[in-house]
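So you can see what is in the structure, the chains are spelled out below.
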Amino acid sequence: MVITRSGLVLGATAVTLATIAVTSLGIHSQGQALFKESPKELVDEVWQIIQRQYVDGTFNQVDWQAVRKEYLNKSYTNKQEAYKSIREMLKRLDDPYTRFMDPEEFKNMQVDTSGELTGIGIQIGMDEKTKKLTVIAPIEDTPAAKAGILAKDIITKINGKSTEGMDTNEAVSLIRGEPGTAVSLTVLRNNQSKDFKITRAKIEIHPVEATTKQTRVGNVGYIRLKQFSANASKEMQLAIRTLENKQVAGYILDLRNNPGGLLFSSVEIARMWLNNGTIVSTKDRYAEVERETANGRALTTKPLVILVDKGSASASEILSGALQDNKRAVLVGSQTFGKGLVQSVRPLDDGSGIAVTIAKYFTPSGKDINKSGIHPDVVVDLNDKQRQDLWLGEREKVGTLQDPQFAKAVEVLGKEIAQKGNPRAGT
């Protein structure tokens, strides 16, 4: 299976609620401007992409040939009619991550290499079991996070409109808007309905924060990775080199509330911690495997503890799963979100686009993350009130000994440092 790394996104981060500028996913605008083909040919183009690339060769038990016949037998007078049919056609697959985007939607989903977004700062997806619009994670220090939105919140209303039967594209168009304007969200959390009014803003995201922590086990390097954007690996490399120069005894890598991002970013960062071994494998519908491995260029072999929770998704699960399976790190916290789907994002001739689920990814030991997520080695669960108090009301406690999961990570790291004669170096 040939995969262009820059063109891959992970299912859990399929929709970012932000107005986003140019491309970093290998999506190109040239050749898209002219809608030179007929609307019917656009419908067939989408059908052909699914026919060639979709991850399930049975098309989720759908007679895909019959679908083609049905929709090509229709008459189309304009592209809006074609768009409607394409969405109906894709809905037959019952896959919330395979979706069509009209030109405006397609433009808005592309990831800007500058890291500057406009929106409220949450990433959402359609829960595959419940078919409910679900928050994957709020992006740290954004309007949504500050308002109190949490991972796994179910969005039931947007500006008073029910989300029942609503797809992610429609939800995004309702939530997105100009900076300074507000959007109202109603979410369901633990069977209780909560209302939020959130003001949209421009958001500048620096994915990595790093500092030293003086603890009872010595000088510890603490790195908080917020998302796997195009510049995350560059910032991570700088953080590790800086902390190595400060002679830290070990590291705590915080992936809590990290909703994921780009596949190649998670692989590059894994290589900074791991000298050899498999990082991740992806399998398409033909069971062909593409495997990413370490390259012998780890920046450090010092003990490592990784913090995860239910807001740690997709690329976070690749990284934590790889380092756990290779016994390079100990995982502390809560079970992760559990999304293991890879999408290819394709432009169409008229400037619209399609995201297609093309593969599943697996940890080095063969775990299907999409079914169960990553289970930490040391479980420290926080209830919703504790999580909200920590990440909203008392943010200054995050990454301190008043943060229960961090405190346990320090304890575990101390044991790893004490066993330095047999370090988890992945060598």
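Under the annotation held in an unreviewed UniProt entry, the protein chain carries the name Carboxyl-terminal-processing protease and is attributed to Scytonema hofmannii PCC 7110. Here the protein chain is described in UniProt, under the heading Subcellular location (unreviewed entry), as follows: "Cellular thylakoid lumen". UniProt, in the comment section headed Function (unreviewed entry), describes the protein chain in these words: "Cleavage of the 16 C-terminal residues from the D1 precursor of photosystem II (PSII). This proteolytic processing is necessary to allow the light-driven assembly of the oxygen-evolving cluster (a tetranuclear manganese), which is responsible for photosynthetic water oxidation."

Novice: Requested: an account of helix 9 (residues 315-325), with residues and values cited.
Specialist: Most of helix 9 sits inside the fold, with 10 of its 11 residues counted as buried. Among all positions of helix 9, only A315, S316, E317, I318, L319, S320, G321, A322, L323 and Q324 are buried. Looking one or two places after helix 9, you find K327, whose phi comes out positive at around 55°.

Novice: Provide a residue-level description of the nonpolar core, including the pertinent values.
Specialist: Within the largest apolar cluster, 64 residues are counted, with the highest numbers of intra-cluster contacts made by W64, I223, L225, M236, L253 and W273. For W273, the contacting residues outside a window of four places in its chain are I223, M236, I240, Y251, L253, A298, T300, L304, L323 and R328. If you look at the next biggest cluster of nonpolar residues, it comprises 19 residues, including A249, V330, V410 and L413.

Novice: How would you summarise the pairing of strand 8 (residues 182-189) if you had to cite specific residues and measurements?
Specialist: Where strand 6 (residues 154-158) and strand 8 come together, four bridges link them in antiparallel fashion. Looking at the pairing, I154 lines up with L188 of strand 8. Two elements, strand 8 and strand 9 (residues 192-199), share eight bridges in a ladder whose sense is antiparallel. Following the sheet pairing, T186 is matched in strand 9 by D195.

Novice: Kindly report on the environment of E204, identifying the contributing residues and their values.
Specialist: Topologically, E204 is positioned in strand 10 (residues 201-204). For E204 and T142, which are 62 residues apart along the polypeptide, the C-alpha to C-alpha distance reads 8.9 Å.

Novice: Break down the packing of helix 1 (residues 39-53) against helix 3 (residues 79-91) for me, with residues and values.
Specialist: One can describe the packing of helix 1 onto helix 3 by two numbers: an axis separation of 8 Å at closest approach and a directional angle of 25°. In terms of orientation, helix 1 lies roughly parallel with respect to helix 3. Regarding helix 1 and helix 3, the two cross each other, and that crossing is right-handed. Every residue of helix 3 that contacts helix 1 at P39, L42, V43, V46, W47 and I50 is listed here: K79, A82, Y83, I86, M89 and L90. Taken together, the residues of the contact of helix 1 with helix 3 break down into 11 nonpolar, no polar and one charged.

Novice: Go over the packing of helix 7 (residues 232-245) against helix 8 (residues 263-273) with me, naming the residues and quoting the values.
Specialist: Contact pair helix 7 / helix 8: the axes reach a minimum separation of 9 Å and the direction vectors enclose 15°. Judged by the inter-axis angle, helix 7 sits roughly parallel to helix 8. Both helix 7 and helix 8 take part in a crossing whose hand is right-handed. Here A232, S233, M236, Q237 and I240 of helix 7 lie close against helix 8, whose contacting residues are S265, E268, I269, M272 and W273. The class makeup of the residues in the contact of helix 7 with helix 8 is six nonpolar, three polar and one charged.

Parameters and conventions
- Residues numbered from 1 in each chain as written.
- Predicted model: local features only at pLDDT ≥ 70, side-chain atom pairs only at ≥ 80, totals over all residues.
- Heavy atoms only, no water.
- UniProt positions renumbered as here; feature names shortened; annotations may be inferred.
- Buried < 20%, exposed > 50% of the residue type's maximum accessible area, 1.4 Å probe, protein only.
- Helix = DSSP H or I, 4+ residues; strand = E, 2+ residues; numbered from the N terminus.
- Core = buried A, V, L, I, M, F, W, Y, C linked by side-chain atoms within 4.5 Å.
- Contact = heavy atoms within 4.5 Å.
- Pairing = 2+ DSSP bridges.
- Axes fitted to C-alpha atoms, helices over the stretch in contact; angles between N-to-C directions.
- Parallel < 35°, antiparallel > 145°, perpendicular 65-115°, else oblique.
- Left-handed = near helix turned anticlockwise from the far one by under 90°.
- Nonpolar A, V, L, I, M, F, W, Y, C, P; charged D, E, K, R; others polar.

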